[in-house]
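Coordinate inspection notes
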Amino acid sequence: MSATLSQVKEKLAKYGQEQVLKYYEELNPREQQELLDQIDATDMSILDACNHKEDLVKKGVITPLAAMQLPEIEANKAAFTATGLNAIRTGKVGAVLLAGGMGTRLGSDNPKGMYNVGVNRELYIFECLVNNLMDVVKQADAWIHLFVMTSDKNHEATVNFLKEHDFFGYNADYVHFFMQEMAAATDYNGKIYLEGKGRLSTSPNGNGGWFISMQRAGLLEVVEKEGIEWLNVFAVDNVLQRIADPCFVGATIEKNCVVGAKVVKKNAPDEKVGVMCLEDGRPSIVEYYELTEELMNAKDVNGDPAYYFGVILNYLFKVQELIRVVEKNLPLHIVEKKIPYLDENGELVKPEAPNGYKFESLVLDMIHQMDSCLPFEVVREKEFAPIKNKTGIDSVESARALLVKNGVEV
Ligand code: UTP
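This report concerns the structure included in the present document. These numbers come from a predicted model, not from an experiment. In this numbering scheme, every chain counts its residues from 1 along its sequence in written order. Totals for whole chains, interfaces and linings use every residue, but because this is a predicted model, local features are given only for residues with pLDDT of at least 70 and side-chain atom pairs only at 80 or more, for both listing and counting. Based on all heavy atoms of the structure, the side-chain values leave hydrogens and waters out of the count.

**Remarks on the packing of helix H5 (residues 77-89) against helix H10 (residues 246-254)**
Here H5 crosses H10 at 95°, and the two axes come no closer than 6 Å. Considering their axes alone, H5 and H10 lie roughly perpendicular with respect to each other. For the pair H5 and H10, contact is made by Lys77, Ala79, Phe80, Thr81, Thr83, Gly84, Leu85, Ala87 and Ile88 and by Pro246, Cys247, Val249, Gly250, Ala251, Ile253 and Glu254, respectively. Split by residue class, the contact of H5 with H10 holds ten nonpolar, four polar and two charged. To obtain each axis, a line is fitted to C-alpha atoms, and for helices this fit is confined to the stretch in contact; angles are then taken between N-to-C directions over 0 to 180 degrees. Put simply, DSSP marks the helices as runs of H or I at least four residues long and the strands as runs of E at least two long, and each gets a number from the N terminus on. For classification, angles of less than 35 degrees are called roughly parallel, those exceeding 145 degrees roughly antiparallel, those between 65 and 115 degrees roughly perpendicular, and all remaining angles oblique. Between two residues, a contact is recorded if the distance between any of their heavy atoms is within 4.5 Å. Gly counts as polar in this scheme, as do all residues outside two lists: the nonpolar Ala, Val, Leu, Ile, Met, Phe, Trp, Tyr, Cys and Pro, and the charged Asp, Glu, Lys and Arg.

Rendered as structure tokens:
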């Protein structure tokens, strides 16, 4: 049912957001109704959190969680790989590409996956990921269901691009798209911006809602029908990403864990990656900005740094456990970002620097909802080439160099 102006005014008064109706009278009736419906559908209860941001990041007691390291993996590689391949061949493993982000740091108007990292030839980020997944499809001689999360901002462009490129050789019957939810974006006082006279500024609500969004899109029916028991979630921006890696899948299964997390040894104690740990005795990830000096320098029983394995956004979740926690809330993260907005004259501004807050939940917080987790070490130079920026650290340039190092023609 459509929202009425009086209902909407009541809601806006409750949350102190009346400014979003500034141009209401200038809109035609269709635009007016669209705005009312958007306001009606927007969760404004979360916005107040930006007034007590410090309460959101409180952590419990942090203790080390040992990772399975390279020598142990090497010694058991054949057995783990056999177990993983068996799971893949029997259809128990699916993959979930998180591609709903805005990639604001890279600064391209297109979805990040459409970025061409090639130099002498076209080589798109999506293409790199499909190529990596195809390695496993060939090894297992079985297709793997690939679920692709997009957002309202990039869905059409993503779907069209992949179709135009024939899914880079992937079997289209095994590709499923779904959209994540959006959240309002505000200025530093928690007031929602407008991105058009009849439209609130919105941004994707973080990568933590991927499973509930999959469920809302009806895709759990596919998961159930196909007998998928494990979902390997991964980020769009790591072009060396190994997806549905049989050895990783097998190790997680054999260790009886409900989650596996690929990790790399940190470059330096203060490297800006989240590290695996236990929090109040349960698996968790502590973000680099939450890592105190004491934790940074702590040693484990062998005298090695105790918090030394950084996550690379590649997790293998047991579906049964995801279903168990799907209704549980994840903590809210308030992130400063560049948010396009209408200025006092009603002109659209695309800011050069962060100008407000986005409200997100993160996949890494799902780890704390799980009873057990296997941090699984991988070789950074072989599996971690994230593209966050155009140049410098974690950039197109650094990723290109790593692709070449791994024998990929660019
Ligand atoms: P990032 O944290 O790098 O965010 O996402 P981003 O939005 O892509 O980039 P910046 O910060 O604006 O530059 C890590 C992964 O999570 C996905 C991204 O697409 C990427 O694969 N993601 C992020 C989502 O799927 N949805 C979101 O709402 C946010």
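There is more to say after this.
**Quick look at the nonpolar core**
Nonpolar side chains in soluble globular proteins generally cluster together in the buried interior. We define a nonpolar core as any set of buried Ala, Val, Leu, Ile, Met, Phe, Trp, Tyr and Cys residues linked to one another through side-chain atoms lying within 4.5 Å. Think of it in three bands: residues with accessible area under 20% of the maximum for their type are buried, residues over 50% are exposed, and the middle band is partly exposed, with areas taken using a 1.4 Å probe on protein chains only. Counting 62 residues, the largest nonpolar core has Leu97, Val117, Phe126, Ile144, Tyr170 and Phe376 as the members making the most contacts within it. With ten residues, helix H6 (residues 125-140) is the largest single contributor of residues to this core. Those residues in contact with Leu97, other than ones at most four positions away along the chain, are Phe126, Leu129, Leu146, Phe147, Val148, Met149, Phe234, Ala235 and Val236. Of all hydrophobic cores here, the second largest spans 40 residues; its members include Phe211, Val223, Ile228 and Leu362.

**With respect to the side chain of Lys266**
Within the element layout of this structure, Lys266 appears in the loop between strand E10 (259-265) and strand E11 (275-279). Of the side chains with opposite charge, Glu271 lies nearest to the buried Lys266, which makes no salt bridge, at 6.8 Å. Pairs of N or O atoms within 3.5 Å make up the polar contacts considered here, provided that, within protein, one atom can donate a hydrogen while the other can accept it, and that residues adjacent in sequence are counted only when both atoms are side-chain atoms. Within the structure, Lys266 has its side chain in polar contact with the backbone oxygen of Pro269 (distance 2.8 Å). Setting aside anything within four residues of it in sequence, one finds Lys266 in contact with Glu271, Val273, Val275, Leu291, Tyr307, Tyr308, Gly310 and Arg380. His is not counted here, nor are the chain ends, while Lys and Arg score as positive and Asp and Glu score as negative. Think of a salt bridge as a Lys or Arg side-chain nitrogen and an Asp or Glu carboxyl oxygen that are within 4 Å of each other.

**Quick look at helix H2 (residues 29-41)**
Along its 13 residues, H2 runs 18 Å from first to last C-alpha, staying within 8% of the 18 Å computed at 1.5 Å per residue. Looking only at H2, the buried set comprises Gln32, Leu35, Leu36, Gln38 and Ile39. In an axial view of H2, the angular spread of the buried residues amounts to 160°, which keeps them on one side of the axis. Among the exposed residues of H2, those pointing more than 90 degrees away from its buried face are Pro29, Arg30 and Ala41. Expected helix span is taken as 1.5 Å per residue step, with the number of steps being one fewer than the number of residues. In this context, the arc is that of the directions from the helix axis out to the C-beta atoms.

**A closer look at the packing of H5 against H6**
As a packed pair, H5 and H6 sit with axes 10 Å apart at the nearest point and diverge in direction by 90°. Overall, the two elements H5 and H6 adopt an arrangement that is roughly perpendicular. Only Val136, Gln139 and Ala140 of H6 make contact with H5, whose side of the interface consists of Thr81, Leu85, Ile88 and Arg89. A per-class count over the contact of H5 with H6 returns four nonpolar, two polar and one charged.

**Considerations on the pattern of salt bridges**
Taken as a whole and assessed by the stated rule, the structure comprises 21 salt bridges. We note a salt bridge from Arg199 to Asp152, for which the minimum N-O separation is 3.8 Å. With Arg199 in strand E7 (residues 199-200) and Asp152 in the loop between strand E3 (146-150) and helix H7 (155-164), the pair connects residues that are 47 residues apart, well separated along the chain. Across the salt bridge formed by Lys225 and Glu226, the nearest N and O atoms sit 3.7 Å from each other. We classify Glu226 as partly exposed; its relative accessible area is 33%. Each of the salt bridges in this network shares a partner with another, and the network as a whole consists of Asp152, Lys153, Glu195 and Arg199.

**Examining helix H14 (residues 396-405)**
Looking only at H14, the buried set comprises Val396, Ala399, Leu402 and Leu403. The buried residues of H14 occupy an angular sector of 130° when projected down its axis, which confines them to one face. Sitting at the head of H14, Ser395 places a side-chain oxygen 3.2 Å from the backbone nitrogen of Glu397. The positive-phi residue at the C-terminal boundary of H14 is Gly407, with phi of around 80°.

**As for the site of the ligand**
To be near a molecule or strand, a residue needs just one of its heavy atoms within 4 Å of it. Around the ligand, the surrounding shell holds 20 residues, and the nearest of these are Leu98, Thr104, Arg105, Gln180 and Lys388. Side-chain polar atom of Gln180 to a nitrogen atom of the ligand: 2.6 Å apart, as the coordinates give it. Between the ligand and Asn207 there is a distance of 3.0 Å, counted from an oxygen atom to a side-chain nitrogen or oxygen. Out of a free accessible area of 570 Å², the ligand has 90% covered by protein chains. In short, Shrake-Rupley with a 1.4 Å probe defines the accessible areas, and a residue's cover is counted only from the protein chains shown.

**Details of unusual backbone geometry**
Positive phi is not limited to glycine here, since Asn256 has a value of about 55°. If you trace the backbone, Asn256 turns up in the loop between H10 and E10. For Asn256, a relative accessible area of 67% gives the class exposed. One non-glycine residue, Leu313, lies in the positive phi region at around 55°. Here Leu313 is to be found in strand E13 (residues 309-318).

**Quick word on the pairing of strand E2 (residues 93-98)**
The buried fraction of E2 is high, at six of six residues. On E2, burial covers both faces: Val93, Ala95 and Leu97 on one face and Gly94, Val96 and Leu98 on the other are all buried. The pairing of E2 with strand E9 (residues 230-235) spans six bridges and is parallel. Following the sheet pairing, Val96 is matched in E9 by Val233. Examined bridge by bridge, E2 and E3 share four bridges and lie parallel to one another. Following the sheet pairing, Ala95 is matched in E3 by Leu146. Handedness of the crossover joining E2 and E3 through H6 is recorded here as right-handed. The criterion for strand pairing is that DSSP finds at least two bridges linking the strands in question. Look down the strands so they point away from you; if going from the first strand over the helix to the second traces a clockwise path, that crossover is right-handed.

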